[in-house]
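Structural overview
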Amino acid sequence: MRLAALALLLFAAPARALPPGPDALLRDHLWRQLTALPKGERPTVGLVLSAGALRGMTHVGVLQVLEDSGFPVDVVAGTSAGAVIGAFYSAGVPLSRLWDIRNRVNLGSGSNYNSVRLVTLVLADSLLSTSNMEKIIVDELGDIQFHQLKKPFGCVAMDLKTGEKIVFRSGPLAPAVRSSMNLPGIFEPVVYRHRYLVDGGVVDYVPTDVARLLGADWVLASVAEGDFTKFQPKNVLSILEQIFDIRGSIMSREQRKLADALIEPAVGDIEFYDTGRAGEAMDKGVIAAHDKMPEIQEQFILYSMPRLARKWRPGANP
Amino acid sequence: MAPGSEPVRLALLALALLSGCAGIRKPSPALDNARALFEAHRYGDVVSLLSDSELRTLRAKELPRGYELLGQSQERVGQAQAALRTYQSGVAQYPKDINLLTHLGNLLHTGELDEQARPFYERILKLSPANAAAHLGLAETEYRLGFLERSADHYAATIKEWKDQPKLWLDYAQVLSDRRKYGEAFDAAGKAAALSDTAAARALRAEILWKLDRRPEAFAELDAAQKLESSRIDFAQRRALWALEAGEFERANAAAVLVLNMKADDPLGLWVRGASLLRRGRSAEARRDLERAAAQKTAPFVAATAQRLLESLR
């Protein structure tokens, strides 16, 4: 069997395959120049993390690749699952801790969902609660305010009474994130500051506008969209999920055009609460981001060329 | 006890029966023939010999080896799809056969189907946790997919078994460098160079030294790499870019000229020369080089950045 393995060394594409071409060499060179610029001298980078329920775990994989490649991220915006991951990331929680989530995710993590039968859900007056999510955030980060985060962060919810989009950028973090991930029809609205708040994914699936509001010049969006064409009706919950997926997809189509670059992990077939596939969703994020990284780096470099060129005027510092 | 006596005859009979029960039998002729043909590199003949009907004549214990010989022969005559089917049939019937799992994983991996290859390597490691071939397969697939930490761990496990393979050390160094663990990467690249002083090992050491900001040493290693493989234009291109990055514009210009001597109209050579002229205030000459670089279709990113630089000159 050693021969078969050594054959792999000889015949398979190794870590270092062909010599790098001119595009790769120049990209490497300019990336170093660009990321070495102080924050005020290069474009402000906004990272947007879409809604997607369990699919949103894919954003952890995306963040891993961004970190590995030294991609600068200055501001973060998120909706629903994207708000949860974005909040932890903005607070400086190490990615290794976020990866641990795959071992701890169960339906009871943020709600009391796992003990309720669906018929009770349909017939009962009272919906489930996401109060546990608030507890998890406070346990993990303390009773933190937005301005205490390491990176500026914003998240989105909707006021069920008025239909308004509510953007949280200040005040206590935990209730804001909880409101953002509060799926209507399943979880009871969060009553906060006289509003009845539900999941922001209903009004803003890919919050690129929030990133711009936070000061982003250039926006990279990670989009965890469901593939609603594969729908198989199973129960009331699956129908609700389909409605969210369709709405999310329609919104996402327009909103993604507002981003400068996109990462679209292949998580369309992962269902809303398919916790057994959390790890898979995270892996898909790595695979998609890794595949797209050279292209995204090039896009960011090209966008930043005027600023780099200014530095290269005669007499400017190297 | 006298030979030919009843107890002796009974003992001999018992021995014969036991030998039969222990399965001491000759291999099937088909398998024997296939092996001989394979060793003689007559792969097409192996494929012809080991048809479906012939495979069915093999005993259960021999069949995995039959699949293995057939699959490998099919690969060697360029019948990758057929080899894939052979290995898949083999694995379906013998899900714990490590050789078949390895061949299937390797074939998928070399076909760049890394997500599909991974589960087979993982299955091998469940059966045999120290299996170096599976660790190597995973080291490469995980790298390709973007899982740098996992890849590094698998390279480390492979190297425990195969310490004297310079290419392994080199690939390991590359992964460590990508993870920005430059100290460890430099050591690993050094081991590769010590085992086999190649241009690739020297070039990787040069890259790592550059990232560690040890610039004079980086240039020296790159020069050593170029001496070992003088035709490598990417070494010359890198030297030119590094000189530019270091603010040594005359040196960058000279290095770019060397690139253009190796290949006229090389887009990166033009780009670096243009950029170095720009930095020295010679905008008109810079423009000419950048316009030529912007017109190059073979390097679209070089062309696009040249175009942006031109726009900034207006």
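Not measured: the values here are computed from a predicted model.

Of regular secondary structure, chain A possesses twelve helices and eight strands. Looking at chain A as a whole, 55% of its 318 residues are labelled buried. In chain A, of all internal contacts separated by at least 6 residues, the share reaching a separation of at least 24 is 78%. A total accessible area of about 13400 Å² is found for chain A, and carbon and sulfur atoms account for 54% of it.

This part is about the interface of chain A and chain B. Taken together, the 48 residues of chain A in the interface contact 59 residues of chain B. Between chain A and chain B, a total of about 4700 Å² is buried, with carbon and sulfur atoms accounting for 63% of that surface. Applying the counting rule to chain A against chain B returns four salt bridges. Of the charged contacts in the structure, one is a salt bridge between A:Asp283 and B:Arg118, with a shortest N-O distance of 3.5 Å. For the interface between chain A and chain B, the tally reads twelve residue pairs in polar contact (both at pLDDT 80 or more). At the level of secondary structure, the elements contributing two or more residues to the side of chain A that touches chain B comprise helix H1 (2–11), helix H2 (22–36), helix H3 (58–68) and helix H12 (278–311) of chain A. In terms of residue count, the dominant contributor to the side of chain A that touches chain B is H12(A) (twelve residues). Its residues assigned to classes, the side of chain A that touches chain B comprises 28 nonpolar, six polar and 14 charged.

Residues and elements named next belong to chain B. Along the chain, Ser276 falls in helix H17 (residues 267–279). Classification of Ser276 as buried rests on a relative accessible area of 0%. When near neighbours in sequence (up to four residues on either side) are disregarded, Ser276 contacts Leu244, Phe249, Ala252 and Asn253.

For the rest of this paragraph, the subject is the nonpolar core. If you look at the biggest cluster of nonpolar residues, it comprises 99 residues, and the most contacted ones within it are A:Phe71, A:Phe153, A:Leu173 and B:Trp271. In terms of residue count, H12(A) provides more of this core than any other element does, 15 residues in total. Ignoring anything within four residues of it in the chain, the contact list for A:Phe71 reads A:Trp31, A:Val45, A:Leu66, A:Trp218, A:Leu220, A:Met293, A:Ile296, A:Gln297 and A:Phe300. Listed in part, the 38 residues of the second largest apolar core include B:Tyr155, B:Ala173, B:Leu204 and B:Leu222.

Once that is clear, we can look at helix H7 (residues 98–110) of chain B. All names here are of chain B. Taking 1.5 Å per residue as the helical rise, H7 with its 13 residues ought to reach 18 Å, and the 18 Å between its terminal C-alpha atoms agrees with that figure. Most of H7 sits inside the fold, with ten of its 13 residues counted as buried. For H7, the complete set of buried residues consists of Leu100, Leu101, Thr102, His103, Leu104, Gly105, Asn106, Leu107, Leu108 and His109. For H7, the capping residue at the N-terminal end is Asp97, with a side-chain oxygen 3.2 Å from the backbone nitrogen of Asn99. Phi turns positive one or two residues past the end of H7, at Glu112, with a value near 60°.

All names here are of chain A. On the surface, Leu160, Val191 and Tyr196 cluster together into a nonpolar patch covering about 280 Å² of accessible area. Position of Leu160 among the secondary structure elements: in the loop between strand E3 (153–159) and strand E4 (165–168). Given a relative accessible area of 45%, Leu160 falls into the partly exposed group.

With that out of the way, let us pick up the pattern of salt bridges. Where charged atoms from two side chains of opposite charge come close, those side chains can pair. Across all of its chains, the model carries 49 salt bridges over all chains by this definition. Ionic pairing is found between B:Arg118 and B:Glu142, a salt bridge with its closest N-O pair at 3.0 Å. Pair noted here: B:Arg118 is in helix H8 (residues 114–127) and B:Glu142 is in helix H9 (residues 132–145), with a separation of 24 residues, a long-range link. Both residues of the pair, B:Arg118 and B:Glu142, belong to the buried class. The residue B:Asp289 makes a salt bridge to B:Arg273 at a minimum N-O spacing of 2.7 Å. Taken as a pair, B:Asp289 in helix H18 (residues 283–294) and B:Arg273 in helix H17 lie far apart in primary sequence, 16 residues in all. Using a relative accessible area of 5% as the deciding quantity, one classes B:Asp289 as buried. Among the charged side chains, a network of salt bridges with common partners joins A:Asp28, A:Arg32, B:Asp213, B:Arg215 and B:Glu245.

Moving on, we get to the packing of aromatic side chains. For the structure on display, the rule yields 14 aromatic pairs over all chains. Look at B:Trp169 and B:Tyr172: their rings are 6.3 Å apart centre to centre, the planes differ by 55°, and that puts the pair in the tilted class. Within this pair, B:Trp169 and its partner B:Tyr172 are both found in helix H11 (residues 166–178), separated by three residues, close to a single helical turn. Residue classification places B:Trp169 among the buried positions, given a relative accessible area of 13%. Judged by its relative accessible area of 14%, B:Tyr172 is buried. An aromatic cluster of three or more residues is present, and its members are A:Trp31, A:Phe71, A:Trp218 and A:Phe300. Just above the ring of B:Tyr43 sits the side chain of B:Arg76; from NZ or CZ to the centre is 5.5 Å. The lysine or arginine in question, B:Arg214, covers the ring of B:Phe186, its NZ or CZ lying 5.3 Å from the ring centre.

Our next topic: the packing of H8(B) against H9(B). Helix-helix packing: each pair is described by the crossing angle between the helix axes and the interaxial distance. All names here are of chain B. Interaxial distance between H8 and H9 falls to 9 Å at its minimum, and their mutual angle equals 150°. For the element pair H8 / H9, the angle class is roughly antiparallel. For the element pair H8 and H9, the recorded crossing hand is left-handed. Residue-level contacts link Asp114, Glu115, Ala117, Arg118, Tyr121, Glu122, Ile124 and Leu125 of H8 to Ala133, Ala134, His135, Gly137, Leu138, Thr141, Glu142, Arg144 and Leu145 of H9.

Our focus in this paragraph is the confidence of the model for chain B. Scored by pLDDT, chain B has a mean of 92; 92% of the residues are at 70 or more. Scoring the predicted complex yields pTM 0.87 and, for the interface, ipTM 0.86.

Thresholds, definitions, all that
Residues numbered from 1 in each chain as written. Chains lettered and ligands numbered in written order. Predicted model: local features only at pLDDT ≥ 70, side-chain atom pairs only at ≥ 80, totals over all residues. Heavy atoms only, no water. Helix = DSSP H or I, 4+ residues; strand = E, 2+ residues; numbered from the N terminus. Buried < 20%, exposed > 50% of the residue type's maximum accessible area, 1.4 Å probe, protein only. Contact = heavy atoms within 4.5 Å. Areas by Shrake-Rupley, 256 points an atom, 1.4 Å probe, with all protein chains shown as cover. Buried area = accessible area lost by both parts, 1.4 Å probe. Salt bridge = Lys/Arg side-chain N within 4 Å of Asp/Glu carboxyl O. Polar contact = N/O pair within 3.5 Å; in protein donor to acceptor, adjacent residues only side chain to side chain. Nonpolar A, V, L, I, M, F, W, Y, C, P; charged D, E, K, R; others polar. Core = buried A, V, L, I, M, F, W, Y, C linked by side-chain atoms within 4.5 Å. Expected span 1.5 Å × (residues − 1). Patch = residues over 30% accessible without salt bridge, like charges linked within 9 Å, V, L, I, M, F, W, Y side chains within 5 Å. Phe/Tyr/Trp six-rings, centres within 6.5 Å; stacked < 30°, edge-to-face > 60°. Lys NZ or Arg CZ within 6 Å of the ring centre and 35° of its normal. Axes fitted to C-alpha atoms, helices over the stretch in contact; angles between N-to-C directions. Parallel < 35°, antiparallel > 145°, perpendicular 65-115°, else oblique. Left-handed = near helix turned anticlockwise from the far one by under 90°. pLDDT = per-residue confidence, 0-100.

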